[in-house]
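Letter by letter, the chains look like this.
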Amino acid sequence: MKSLLKKLNIQDTNPGASFGVDHWIEDKSGTELVSYNPATGEPIAKVIQATKASYDQVVAASQQAFESWRNLPAPKRGQVVRDLGEAVRELKEPLGELVSLEMGKIRAEGLGEVQEMIDICEFALGLSRQLYGLTMHSERPNHRMYEQWHPLGPVGVITAFNFPIAVWSWNSTLASVCGDTVIWKPSELAPLTAIATQHICNRVMADHGLSAIFSLVIGTGQEVGELMINDPRLPLISFTGSTKVGRHVNQTVAGRFGKTLLELGGNNAIIVAEDANLDLAVRGILFGAVGTAGQRCTSTRRIIAHKSIVDELTQRLVKAYGQVNIGDPLEADTLMGPLVTSAAVEKMEAALQRARADGGQVLTGGKRIDRPGNYVEPTIVRMPKQGDVVKEETFAPVLYILDYEDVDEALRIHNDVPQGLSSAIFTDSMQTVERFLSAGGSDCGIANVNIGTSGAEIGGAFGGEKETGGGRESGSDSWRAYMRRQTNTINWGKELPLAQGIKFGD
Ligand code: UN1
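Residues numbered from 1 in each chain as written. Predicted model: local features only at pLDDT ≥ 70, side-chain atom pairs only at ≥ 80, totals over all residues. Heavy atoms only, no water.

**Structural notes on the overall build of the protein chain**
Point 1. Secondary structure assignment for the protein chain yields 15 helices and 24 strands.
Point 2. Its C-alpha atoms give the protein chain a radius of gyration of 24 Å, within 12% of the compact-globule value 23 Å for 506 residues.
Point 3. Expressed as lengths along the three principal axes of its C-alpha atoms, the size of the protein chain is roughly 80 × 60 × 40 Å.
Point 4. Each of the 506 residues in the protein chain was classed as buried or not, and the buried ones make up 56%.
Point 5. Charged side chains of the protein chain number 49 positive and 60 negative; the gap between the two group centres comes to 4 Å. (Helix = DSSP H or I, 4+ residues; strand = E, 2+ residues; numbered from the N terminus. Rg over C-alpha atoms; globule rule 2.2 N^0.38 Å. Buried < 20%, exposed > 50% of the residue type's maximum accessible area, 1.4 Å probe, protein only. Lys, Arg positive; Asp, Glu negative; His and termini not counted. Charge placed at Lys NZ, Arg CZ, Asp CG, Glu CD.)

**Some thoughts on the layout of surface pockets**
Point 1. There is about 1300 Å³ of room inside the largest pocket.
Point 2. Around the largest pocket sit 42 residues that line it, and Phe161, Gly241, Ser242, Val245 and Lys347 are the ones nearest its centre.
Point 3. For the lining of the largest pocket, the secondary-structure elements that each account for two or more residues are helix H8 (221-229), strand S11 (236-240), helix H9 (243-255) and helix H12 (342-357).
Point 4. For the lining of the largest pocket, the element with the most residues is H12, which contributes seven residues.
Point 5. Summarising the domain contributions, the lining of the largest pocket has at least three residues from each of domain 1 (2-264 + 469-486) and domain 2 (268-457). (1 Å grid on protein atoms, 1.4 Å probe; cavity = no way out; pocket = protein on both sides within 12 Å on 5 of 7 lines; lining within 4 Å. Points joined across faces, edges and corners; volume = space filled by probe spheres on them. Domains from an automatic or database assignment.)

**Considerations on H8**
Point 1. Every buried residue of H8 is listed here: Val224, Gly225, Leu227, Met228 and Ile229.
Point 2. Against helix H2 (52-69), strand S8 (154-158), strand S9 (181-185), strand S10 (214-217), S11 and H9 lie the buried residues of H8. (Contact = heavy atoms within 4.5 Å.)

**Focus on the environment of Leu234**
Point 1. Along the chain, Leu234 falls in the loop between H8 and S11.
Point 2. Between the C-alpha atom of Leu234 and that of Gln63, which follows or precedes it by 171 residues, the distance is 9.0 Å.
Point 3. Apart from residues lying up to four places away in sequence, Leu234 is in contact with Tyr55, Val59, Pro154, Gly156, Ile183, Met228 and Arg256.

**Observations regarding the sheet that holds strand S1 (residues 13-15)**
Strand pairing in a sheet relies on backbone hydrogen bonds, with the paired strands running either antiparallel or parallel.
Point 1. The three strands lie next to each other as S1-S5-S4, forming an open sheet whose pairing is mixed. A single partner strand is all that each edge strand has here, and the edge strands are S1 and strand S4 (32-36). With strand direction ignored, the average angle separating the axes of adjacent strands in the sheet is 30°.
Point 2. With three bridges joining them, S1 and strand S5 (residues 43-48) adopt parallel strand pairing. Across the sheet, Pro15 pairs through a bridge with Ile48, a residue of S5.
Point 3. Against the sheet, helix H7 (residues 191-207) touches S1, S4 and S5, its axis set at about 65° to S5. (Pairing = 2+ DSSP bridges. Axes fitted to C-alpha atoms, helices over the stretch in contact; angles between N-to-C directions.)

**Re the packing of aromatic side chains**
Point 1. A complete count under the given rule lists five aromatic pairs for this structure.
Point 2. With a centroid separation of 4.7 Å and 50° between ring planes, the pair formed by Trp170 and Phe462 is classed as tilted. Taken as a pair, Trp170 in helix H6 (residues 166-177) and Phe462 in strand S21 (residues 461-462) lie far apart in primary sequence, 292 residues in all.
Point 3. Members of the aromatic cluster, each reached through a chain of ring pairs, are Trp168, Trp184 and Phe214.
Point 4. Over the ring of Phe163 we find Lys105, and its NZ or CZ is 3.5 Å from the ring centre. (Phe/Tyr/Trp six-rings, centres within 6.5 Å; stacked < 30°, edge-to-face > 60°. Lys NZ or Arg CZ within 6 Å of the ring centre and 35° of its normal.)

**Quick look at the site of the ligand**
Point 1. Taken together, Glu116, Asn162, Phe163, Trp170, Glu263, Arg296, Cys297, Thr298, Ser454, Gly455, Ala456 and Phe462 are the residues near the ligand.
Point 2. Within the backbone of Gly455, an N or O atom sits 2.8 Å from an oxygen atom of the ligand.
Point 3. For the shell around the ligand, the residue count by class is five nonpolar, four polar and three charged. (Near = heavy atom within 4 Å. Polar contact = N/O pair within 3.5 Å; in protein donor to acceptor, adjacent residues only side chain to side chain. Nonpolar A, V, L, I, M, F, W, Y, C, P; charged D, E, K, R; others polar.)

Bear in mind that shape data such as this cannot, by itself, settle questions of function.
Dropping the structure here:
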């Protein structure tokens with residue numbers, strides 16, 4: 001562990017704010033934050049959290065950096081992000097392992113997460129030459145109309161523990177090629193991953209003679225989070241986390257006419273039709289429900305299976321769950337690591353208690369594992385109906401199984417939850433596929449066919465509807481969230497005709 005931390009410049013005690021190589025700020029009155037290894041319960045290292053004083057210093061630096069960064073041609077900004085991707089590629093292994101060490105996802109997924117950052121850096125580089133605006137034909141003679149996109153300013157990015165690098169990188173790489181500067185408040189559960197990433201950013205910025213394009217402020221939601229969402233100097237807040245906190249962020253930022261980009265709770269279901277390829281379905285469900293110990297926004301939480309195959313599917317899933325190797329996330333053959341905190345274990349236990357009270361039958365799992373660390377058994381619960389507990393997001397490996405008789409019923413159950421992030425169907429019927437993808441089908445931001453709900457590629461827009469918050473991050477045209485649109489009309493004639501044919505004082 002010591003050599004891993006050394007490779008990434010993590011000290012025993014780390015300052016909690018930075019905007020450049022020579023700009024690490026240790027707040028004298030900052031409180032200590034200890035990062036624990038969820039696999040053992042042991043401390044890894046400490047961070048001195050930022051308070052208002054260092055927060056203000058970071059925002060001032062970020063504002064100042066924005067003044068010149070916004071004028072650098074976007075393809076030049078892209079080159080900085082390209083170098084960031086290259087620097088991360090060189091440290092992929094230790095960085096991925098630090099993710100595993102700090103939040104408990106298995107090594108393969110930790111590395112996958114770093115790969116997601118490398119991928120989005122490449123995407124952002126290409127994007128830096130494609131920040132397109134439209135041109136329109138004016139109704140007036142000798143007039144030209146078009147729209148262009150300008151950067152917003154310093155953007156606040158508040159991220160969750162479960163993707164401590166990837167989600168920040170979706171935001172920061174796109175925002176920075178768009179000409180914004182970025183201020184990052186990571187989860188209090190994954191501060192060391194953020195510190196390691198900031199060290200890399202600092203090096204790359206220094207190579208380009210820059211600072212404060214990427215900045216870090218580690219502190220509590222109550223202190224630093226509140227400062228950010230109330231701060232008119234931050235025109236956009238991108239927030240990933242629970243619906244409950246997201247609602248507060250949304251309302252607060254809207255109150256000052258700021259913009260938000262929200263990626264909140266998911267309660268993702270897979271419909272398994274009577275004609276589904278069950279081999280594929282079992283594998284897709286296993287990765288979706290057990291991967292990352294059920295702690296992805298995209299994790300599969302509900303199975304809606306046709307009555308004719310539900311028993312066979314369930315038996316096969318129970319068997320597959322029995323073969324899941326649970327243990328140290330850094331061991332090569334582990335498939336499921338611990339939950340992030342013991343509070344997460346307690347929330348899982350409470351949800352299972354409610355599910356049982358609702359008539360749920362636990363078919364496998366259901367218990368905490370008696371060893372150090374926050375280990376639980378991956379759990380399958382057969383539910384007679386979709387009650388309140390099934391409609392809530394429990395961030396744990398709990399999979400509820402429901403059944404249906406016809407596609408109408410499947411879709412009704414599917415959409416009858418407050419969240420709308422990801423969804424999937426397993427079927428070989430073209431009609432059922434099209435039905436699922438039609439306007440009256442899945443109401444989610446992501447709808448997949450014959451693959452699971454999780455593991456999206458960076459190239460598509462990522463996000464969801466309803467209480468998931470409506471934001472879109474990562475690929476496609478998500479970059480627009482980080483810019484402001486300006487419509488321009490240019491008169492190159494010698495007359496001043498008015499639109500709508502209005503004559504005024506002629
Ligand atoms: C999240 O859980 O917040 O699609 C992000 C996925 C990952 C990202 C998940 N690429 O599962």
